[in-house]
Structures are given as structure tokens and as C-alpha cells.
Amino acid sequence: PAANHKASQQALDDTFCLSNISPQVGKGFNRSYWARFEKFVRDLTKETDEVYVVTGPLFIPRWSQSKQKYVQNHAMIGRAP
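From a predicted model like this one, the values you see are computed outputs, not experimental measurements. Sequence order as written defines the numbering, with residues in each chain counted from 1. Local features in a predicted model are, by the rule used here, given only for residues with pLDDT of at least 70; side-chain atom pairs are given and counted only at 80 or more, and totals for whole chains, interfaces and linings are based on all residues. Where side-chain values are given, they derive from all heavy atoms of the structure, hydrogens and water being excluded.

Draft legend 1. How the structure looks around the pattern of salt bridges. Every case where a carboxyl oxygen of Asp or Glu lies within 4 Å of a side-chain nitrogen of Lys or Arg is listed as a salt bridge. Taken as a whole and assessed by the stated rule, the structure comprises two salt bridges. The salt bridge partner of Asp-43 is Lys-39, with a shortest N-O separation of 2.8 Å. With Asp-43 and Lys-39 both in helix H2 (residues 33-45) and four residues apart, this pair spans about one turn of that helix. For every residue, the accessible area obtained with a 1.4 Å probe (protein chains only) is divided by the maximum for its type, and the residue is called buried under 20%, exposed over 50%, and partly exposed between those limits. Taking relative accessible area as the criterion, Asp-43 reaches 27% and is therefore assigned partly exposed. Residue Lys-39 is classed as partly exposed on the basis of its relative accessible area, which comes to 48%. Between Lys-46 and Asp-43 there is a salt bridge; the shortest N-O distance is 3.7 Å. One salt-bridge network, held together by shared partners, links Lys-39, Asp-43 and Lys-46. Comment: elements are numbered from the N terminus, with helices defined as DSSP H or I runs of at least four residues and strands as E runs of at least two.

Right under this line is the structure:
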């Protein structure tokens, strides 16, 4: 989280890049679940020397009756080339 990188403007800026984002959808997501998760990770850093966190979106396939197989659909930002 950006709040962990207040030591310099460059460190803070580095947290705001497209490779470091994931859509946060749902009412209260960032203020409830995600905030609790960030606190959990911060608390872990007080108990151990190293903490590695890997996060990302969860894409859950759905069964397509017409295709008779599981398919993955997700919204795309922008236009396809």
C-alpha cells in the first residue's frame, strides 16, 4: 500500500504504476477487506524479518452451455488492436 512508502516521493510514486494495480470492485472493498488484509501484512512484518506478498485478480471460469466448456470472460480496458 502507498501508506507504507512515505519515506520519499519517489517511493510513493513507484506504488502508482500499472503493473502494481488490480481492480478493487465491490462496495467497501478497499475500506473493508483490503484494509484488513494490509493491516494483517503490516502486523506480520513486526513478527518476522521478511514478508512476501503476491496478489492479483481472481478470474473464475464459468460453464458455457452453448460452448459446453468452461470459459473466462473479463472486461477489457480500451480497444483491441
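Draft legend 2. Up close: the confidence of the model for the protein. When the pLDDT values of the protein are averaged, the result is 80; 81% of them are 70 or greater. Residue-level confidence of the predictor is what pLDDT reports, using numbers from 0 through 100. Confidence, expressed as mean pLDDT per element, reaches its minimum in the protein at helix H1 (residues 9-14) with 83 and its maximum at strand E2 (residues 69-71) with 95.

Draft legend 3. Seen up close, the packing of aromatic side chains. Between the rings of Phe, Tyr and Trp (Trp by its six-membered ring), a pair exists once the centres lie within 6.5 Å; its type follows the angle of the planes, with under 30 degrees stacked, over 60 edge-to-face, and the other angles tilted. Applying the stated rule across the entire model yields one aromatic pair. Aromatic side chains Trp-63 and Tyr-70 sit 5.1 Å apart centroid to centroid with 75° between the ring planes, which places their arrangement in the edge-to-face category.

Draft legend 4. Summary view of the environment of Val-51. Residue placement: Val-51 occurs in the loop between H2 and strand E1 (62-64). Here Val-51 falls in the partly exposed class, since its relative accessible area comes to 28%. Residue contacts are counted whenever heavy atoms from the two residues lie within 4.5 Å of one another. Residue contacts for Val-51: discarding those within four places in its chain leaves Val-41, Leu-44 and Thr-45.

Draft legend 5. Seen up close, the side chain of Ser-64. Along the chain, Ser-64 falls in strand E1. Owing to a relative accessible area of 11%, Ser-64 belongs among the buried residues under this scheme. Think of a polar contact as two N or O atoms within 3.5 Å of one another; within protein, one of them needs to be a possible hydrogen donor and the other a possible acceptor, and neighboring residues in sequence only count if both atoms come from side chains. A polar side-chain atom of Ser-64 sits 3.1 Å from the main-chain amide nitrogen of Lys-67. The contacts of Ser-64, once residues within four sequence positions are left out, are Lys-69 and Val-71.

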